Every structure is written in structure tokens, then in C-alpha cells.
There are 2 protein chains.
Amino acid sequence: MPMPADPLASGSLNARFSDRLAAAIDRAGVPACVGIDPVLDKLPPGLRSAPEPARAIHDFSVGVCDAVARVVPAVKFQSACYERFGDAGVAALRESIRHARSLGLVVVLDAKRGDIGISAEHYAAAAFTPPFDADSLTVSPYLGMDTIEPYLKHAGRGVFVLVRTSNPGSDALQNTRTEAGRTIAQLVGAMVSQLGVSHRGVRGLSDVGAVVGATKPADAAALRAAMPDQVFLVPGYGAQGGTVADIRAMIRPSAKAPGDMGVLVTASRSVIYPAWSSPNWQDDVRAAAKTLAKELHALQ
Amino acid sequence: MPMPADPLASGSLNARFSDRLAAAIDRAGVPACVGIDPVLDKLPPGLRSAPEPARAIHDFSVGVCDAVARVVPAVKFQSACYERFGDAGVAALRESIRHARSLGLVVVLDAKRGDIGISAEHYAAAAFTPPFDADSLTVSPYLGMDTIEPYLKHAGRGVFVLVRTSNPGSDALQNTRTEAGRTIAQLVGAMVSQLGVSHRGVRGLSDVGAVVGATKPADAAALRAAMPDQVFLVPGYGAQGGTVADIRAMIRPSAKAPGDMGVLVTASRSVIYPAWSSPNWQDDVRAAAKTLAKELHALQ
């Protein structure tokens, strides 16, 4: 696919999140996202020995961003890995997000937040203004769509609503069928799609995206039918078993450029924890990110 | 109801969470919880002018705990209100939880976390060891019960799983009926009950509790039938419209002491934001907490 010239290719928050993301994907040529889930005992040996754990995960996170910034359009930070270290960890997360955005990376804050009313407003303010100031946030649908609306009041930002995950216990709820014969995931997908209609950008994609794990292709096709305008944030590529074939079933049929595909495929462990073989660990991460990008080029 | 002498009435983490909570409720004589949701512009005038917002919410939170510690057995901290202020807010939360526990209050950390595998382990470690070191945590069921198990590996701690909420948009998912004719809330309730069986204490209550809003009594009775061993954390009493009659339908039929009722009724705004009329604002909060306790005595 040719990469279109896109007037929204800047990172300006005057553009919708979905348009900014699509433009960033077009520039990179591939809908890839590196998941940053820092865990102390997996860090490169030189960082593992830092006296302060929060310092080590900060330096690792910033170093990963530097390594992948020209290879992929987006990074996803796993909030749990930072919260684990309390306020020091949260400060490391804040600084890492700021650094990622300064490099032009689109930031997904993977915190899976969900609460009602004023609490949702607080979570939205935390995510989308300083301190954290991320481009997008993962959120939970269990409490209903009214609990997602507060996040959409922040111009230029987006959410990814949990719809379908690949963990062993996910079927018990997400795959249960309703009276009307749909699965719960499909019902939630329809709710997400409806909520997203009034938040679509010039590319036809909505600022209300969906988290959809790389599961069976039939499942993916039904969810794409339920959510024609959603960007699917697809975790679990690579180390967790997702393949290019699994993702192909999720792509919007109308896609003419990488940014129109409606997917953002995330790999974490396979990129940030490669075999450490280079004198500079960032070279190993960059090489792994390039491998990810090359594999995902096959989607086109 | 008489208050039984209870060998587990200490705060020792050698006892199960459910037994510690029941003992604390027996000591207080009432299953009441004060929700601490600090919002700057509602603080007592003397605190509102603090130069650092995080300092103001810290001082308010600590002051509320001091005011209510001899009146109610438990407090619930709304994480969003602290996260709003980034690492400084998270430090305020950490200190406030430590203070509450030092006063013998059972602490619910209301953060509604939910993630898979290793990320759930990180959230559990954050909640149940330093930095936060809370007694219990609210968690989301959408990803499945396998994502709740990591929290149960921490001895002496408990979770409250979101089952039924009272916000306007909650019906769309929680009240949808499955093929089998149950509501989604009832299905999740059955999953919670099953998960909780192997985590019951000497009182017959499980460390796996449920968040159940004060909704219609018929709804509450069906959820109690689905979850005989669960402590229901009931938000929204008072300012949000819940009444004693609504809560009565949730009480376990076998209850012989306040700690056996299987409810922990939470009031936030009506207690922490009373009309400020006393020279010392904490006297107003204490009086409001006493009113809450007196009202809930009617449950017996």
C-alpha cells in the first residue's frame, strides 16, 4: 500500500486521537506497538543492579523508547509494572510517558481503569493531563458506557475498551451467550461501536477503540463486523502466541493504507526482552522491533 | 444482637481477611465504612488553601481517619482521587492507608483493578505489600476469574469483585440476560461465589467479596442467593440514595452478629462533606459518622 500524504501527520492535539494514530502508523508504514512491561529480573544486566528499582525501570523504559522510536509508531506502558513501586514507580511512569511523546511516539497507557461518575473524571484527568498526559488509555466496560464518556471529554485523546481477551478464564464471561444469541464480547462490541459513532475522525476511525486479543479468526471477524470503526488494540502478538494470520481477520476490509487497517498490534516480551547479545542492549531491542515491523508488513 | 467474644479480634494478618473484618465489625457494632474520596474544592476551608493539592488531600484523609476510627470499623479510599495528583497523590494515598491501619481501621483500597497474569500479580503486590499495604482491594471481573486469583495469594487480604452497580448505564451489561435466563450480574455472582469457596474463614465468610450497589431489593435478594458467603461492599448509602431497607435484603439470613451480616455499607459524601459548622472540622465528620452508625444499627 502507498503511504498517503496526510495533513494530520503532526502530533498536534488539535487533531483527533484516531487521526493522529492513523497518521503515525502511515509514517511508520506498519501498525505496530511495543509494549513496555518492565520487570526487574528481566532487565539488561547493566540496569538490573541499579540501587533503586524505580530508577532501573525508568532508565529501561526511556531506553526502549529511544531504541524503537524510528521503527514503530506507538508504545504501550503497562501501568501495573510501575505502580508496583508506589510513588517512585509512578514518577518513573510519568517521566517515561513524557519522553515517549517527545520522540513522537503515540502513547497507550494500559491501566484498564473503570469507575463511575466523578471517579472516572479523576482517572481521565490523571491519564490525559499532567501528571500522565498519555494519548490514550485502556478502560473496562463492566460498569457501562456512561462510565467511559468522561474520558471522551478530553480533546485529542482516545480509549481502548476491553472487549475480548485471550487469557484462559476469559471465556466464562466474554463468551457467554445472551438471550439474543450474541456473545457478551459481541454485545460489548456493539455498545463500544455505538458510543464511538460521534467520536470519529476524518479517516472514519473512532477515538473509542477496543482491546481484542489475537484469538480465533472466526471470533475476530464477528468482532470486526460489530465494530467497523474501531481501532483494535491487539495484545499478545509473538511471545503470547498471536500470529499474522490471526490479525488478518481483524483488518477493516476498506483499508487502503496502514493507518486505515484499524489495528494496532502490540508485542511486549519478544521485543523488550530479546537475548542480550550486543554491547549496547538498546541495539538488541531495536533489532527485535525491526523484526516485529517486518513481520507485520506482511499484513499489507 | 450480642457481640460475641472473638479470638480473631486482633488485626493480625495471621487471620483471614474475612475474619478480621467480621471481628472489626463486631467491635464497632455496625457494618459501616466511611468512603474517603477527597476532592479539593469540597475540603474544609482551612485545608483548601494548602499550597500543594496532594498535601491538602493527605491532611484531610488522615484527619478523617482520626475522626472516625472509634466509630466505624473500616474506611475505603477512592484511588482515583489520589492518582489525579500523580506521584505526589500516590504518596498521599500510601501515607493515608498506613495511618488508617495504625488506628485499627480495616482498609479497602477502591481502585477497581483488572488485568491478566503477571500484570495482576503486580497490582496485587502493589495493593497488598508496601507501598500500599491495604487490607483489601476492589477488582473487576470482566477478564475472568483467573485474573482474580493472583490477589488471593496474599495471606490475610481480600478482594471485592464488581458485581452490580447502581449507575445509570450499568443495566446495559449487568442486567442483560444470558441464554440460561440469569442476568450477567447473577452469572458473575455465581463465578465469585465459586471462586470464594476455598477462601472462607471461621465465620463462613469468604475473602472474595462482592461490590453490590444499593439497588432494588429484589435484585439484592437474588444476588444474596447467588453469593451466600460473600461480604457485600455496598457503596452509595446516603448521598447517592441507598436506604436501610435496600440493604436489609442483602443481609445473610443466618447472621447472629453484626460481623456475620455479610455487608459493609459505605457512605462517602454524607460523612466526609457535612456542613462545616464546628470550630474543628473533624468534629463535624465524627458527628456525621456517628449518624451513619446510628442509622445502620437499625439493620439489627
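Conventions we followed
Residues numbered from 1 in each chain as written. Chains lettered and ligands numbered in written order. Predicted model: local features only at pLDDT ≥ 70, side-chain atom pairs only at ≥ 80, totals over all residues. Heavy atoms only, no water. Helix = DSSP H or I, 4+ residues; strand = E, 2+ residues; numbered from the N terminus. Rg over C-alpha atoms; globule rule 2.2 N^0.38 Å. Contact = heavy atoms within 4.5 Å. Areas by Shrake-Rupley, 256 points an atom, 1.4 Å probe, with all protein chains shown as cover. Lys, Arg positive; Asp, Glu negative; His and termini not counted. Charge placed at Lys NZ, Arg CZ, Asp CG, Glu CD. Pairing = 2+ DSSP bridges. Axes fitted to C-alpha atoms, helices over the stretch in contact; angles between N-to-C directions. Least-squares fit on C-alpha atoms with pLDDT ≥ 70 in both. Parallel < 35°, antiparallel > 145°, perpendicular 65-115°, else oblique. Left-handed = near helix turned anticlockwise from the far one by under 90°. Nonpolar A, V, L, I, M, F, W, Y, C, P; charged D, E, K, R; others polar. Expected span 1.5 Å × (residues − 1). Buried < 20%, exposed > 50% of the residue type's maximum accessible area, 1.4 Å probe, protein only. Buried area = accessible area lost by both parts, 1.4 Å probe. Salt bridge = Lys/Arg side-chain N within 4 Å of Asp/Glu carboxyl O. Polar contact = N/O pair within 3.5 Å; in protein donor to acceptor, adjacent residues only side chain to side chain. Phe/Tyr/Trp six-rings, centres within 6.5 Å; stacked < 30°, edge-to-face > 60°.

K.L.:
For the overall build of chain A, give the residues involved together with the corresponding values.
P.N.:
Counting its regular elements, chain A contains twelve helices and eight strands. Taken over C-alpha atoms, the radius of gyration comes to 18 Å for chain A, in line with the 19 Å a tight globule of 300 residues would show. Here the C-alpha coordinates of chain A stretch approximately 55 × 45 × 40 Å along the principal axes. Residue pairs in contact within chain A that sit at least 24 positions apart in sequence constitute 70% of those at least 6 positions apart. When the accessible surface of chain A is summed, it comes to about 10400 Å², and 54% of that surface belongs to carbon and sulfur atoms. Chain A carries 30 positive and 28 negative side-chain charges, and their two centres are separated by 4 Å.

K.L.:
Explain the sheet that holds strand β2 (residues 74-78) of chain A to me, using residue names and the numbers behind them.
P.N.:
All names here are of chain A. Strand order in this closed barrel of eight strands is β1-β2-β3-β4-β5-β6-β7-β8, and the pairing throughout is parallel. Pairs of neighbouring strands in the sheet enclose a mean axial angle of 30°, with direction left out of account. Where helix α8 (residues 184-196) meets the sheet, its contacts fall on β5 (158-164) and β6 (208-212), and the angle it forms with β5 comes to roughly 160°. Here helix α12 (residues 281-297) sits on the sheet and contacts β1 (32-36) and β8 (263-267); the angle it forms with β1, its principal contact strand, is near 145°.

K.L.:
Which residues make up the relation of the copies chain A and chain B, and what values do they have?
P.N.:
Overlaying chain A with chain B gives an RMSD of 0.0 Å, the required rotation being 180° about an axis along which the chain moves by 0.0 Å. In symmetry terms, the pair is related by a two-fold rotation axis. Interface overlap between copies is the fraction of interface residues in one copy that are interface residues in the other; for chain A against chain B it reaches 100%, indicating a shared surface.

K.L.:
Provide a residue-level description of the packing of helix α8 (residues 184-196) of chain B against helix α9 (residues 217-226) of chain B, including the pertinent values.
P.N.:
Residues and elements named next belong to chain B. It is at 8 Å that the axes of α8 and α9 come closest, and there the two elements cross at 30°. By the angle between their directions, the pair α8 and α9 is classed as roughly parallel. Regarding α8 and α9, the two cross each other, and that crossing is right-handed. Within the contact between the two elements, α8 uses Ala185, Gln186, Gly189, Ala190 and Ser193 and α9 uses Ala222, Leu223 and Ala226. The residue inventory of the contact of α8 with α9, partitioned by class, reads five nonpolar, three polar and no charged.

K.L.:
Go over the packing of helix α3 (residues 53-68) of chain B against helix α5 (residues 86-102) of chain B, please, and point to the residues and values.
P.N.:
Residue and element names in this part refer to chain B. Packing of α3 against α5 leaves a shortest axis separation of 9 Å and a crossing angle of 15°. Here α3 lies roughly parallel to α5, going by the angle between them. Seen along the crossing, α3 lies across α5 with a hand that is right-handed. Contacts between α3 and α5 involve Ala54, Ile57, His58, Ser61, Val62, Cys65 and Asp66 from the former and Ala88, Gly89, Ala92, Glu95, Ser96, His99 and Ala100 from the latter.

K.L.:
Account for helix α1 (residues 17-28) of chain A, naming residues and giving values.
P.N.:
All names here are of chain A. Over its twelve residues, α1 runs 16 Å from end to end, which matches the ideal 16 Å to within 8%, given 1.5 Å per residue. Within α1, ten of the twelve residues are buried, which leaves it mostly tucked inside the rest of the structure. If you check which residues of α1 are buried, you get Phe17, Ser18, Asp19, Arg20, Leu21, Ala22, Ala23, Ala24, Ile25 and Asp26. If you follow the buried residues of α1, they end up packed against α5 (86-102), β3 (106-113), β4 (136-139), β5 and β8.

K.L.:
Give me the interface of chain A and chain B: which residues, what numbers.
P.N.:
Contacts between the two partners involve 57 residues from chain A and, on the opposite side, 57 residues from chain B. The junction of chain A with chain B conceals about 4400 Å² of combined surface from both sides, 59% of it contributed by carbon and sulfur atoms. Of all residues in chain A, Arg84, Asp87 and Tyr142 of chain A bury the most surface against chain B, accounting for 17% of the area lost on that side. Measuring nitrogen to oxygen at the nearest pair gives 2.9 Å for the salt bridge that ties Lys112 of chain A to Asp115 of chain B. Taken together, the links from chain A to chain B amount to 22 residue pairs in polar contact (both at pLDDT 80 or more). If you list the elements that add at least two residues to the side of chain A that touches chain B, you get α4 (79-83), α5, β3, α6 (117-128), β5, α7 (171-174) and α8 of chain A. Its residues assigned to classes, the side of chain A that touches chain B shows 28 nonpolar, 18 polar and eleven charged.

K.L.:
Explain the packing of aromatic side chains to me, and be specific about the residues and the numbers.
P.N.:
Where two aromatic rings form a pair, the distance of their centres and the angle of their planes describe that pair. Under the criterion given, the structure shown has ten aromatic pairs over all chains. Summarising the aromatic geometry, the rings of Phe17 of chain A and Phe160 of chain A are spaced 5.9 Å apart at their centres and angled 85° between planes, so their arrangement reads as edge-to-face. One end of the pair, Phe17 of chain A, is in helix α1; the other, Phe160 of chain A, is in strand β5, with 143 residues separating them in the sequence. Of the two residues, Phe17 of chain A and Phe160 of chain A, both sit in the buried class. Ring geometry for Trp276 of chain B and Trp281 of chain B: centres 6.1 Å apart, planes at 90°, overall edge-to-face.

K.L.:
Go over the pattern of salt bridges, please, and point to the residues and values.
P.N.:
All chains considered together, the criterion is met by 40 salt bridges over all chains. When the shortest N-O distance is used, the salt bridge between Glu95 of chain A and Arg98 of chain A registers 2.8 Å. Of the two residues, Glu95 of chain A and Arg98 of chain A are both situated in helix α5; the distance of three residues between them amounts to about one turn of the helix. For the salt bridge of Asp133 of chain B with Arg157 of chain B, the shortest nitrogen-to-oxygen distance reads 3.0 Å. Within this pair, whereas Asp133 of chain B is found in the loop between α6 (117-128) and β4 (136-139), its partner Arg157 of chain B is found in the loop between β4 and β5 (158-164), the two being separated by 24 residues in sequence. You can call Asp133 of chain B partly exposed: its relative accessible area is 23%. You can call Arg157 of chain B buried: its relative accessible area is 8%. The network of salt bridges with common partners includes Arg20, Arg101, Asp133, Asp135 and Arg157 of chain A.

K.L.:
Mind laying out the sheet that holds β5 of chain B, listing which residues take part and the relevant values?
P.N.:
Taken together, eight strands build a closed barrel; the order of strands is β1-β2-β3-β4-β5-β6-β7-β8 (chain B) and the barrel is parallel. With strand direction ignored, the average angle separating the axes of adjacent strands in the sheet is 30°.

K.L.:
Could you give an account of the pairing of strand β1 (residues 32-36) of chain B, with specific residues and numbers?
P.N.:
Residues and elements named next belong to chain B. Taking burial as the measure, the five residues of β1 include five buried ones, the bulk of the element. Taken together, the three bridges between β1 and strand β8 (residues 263-267) define a ladder with parallel strand orientation. Residue pairing for β8: Cys33 is matched across the bridge by Thr266. As paired elements, β1 and strand β2 (residues 74-78) share four bridges and run parallel to each other. By the bridge assignment, Cys33 is partnered in β2 with Ala74.

Everything listed here is a matter of coordinates, which is why it stays silent on function.
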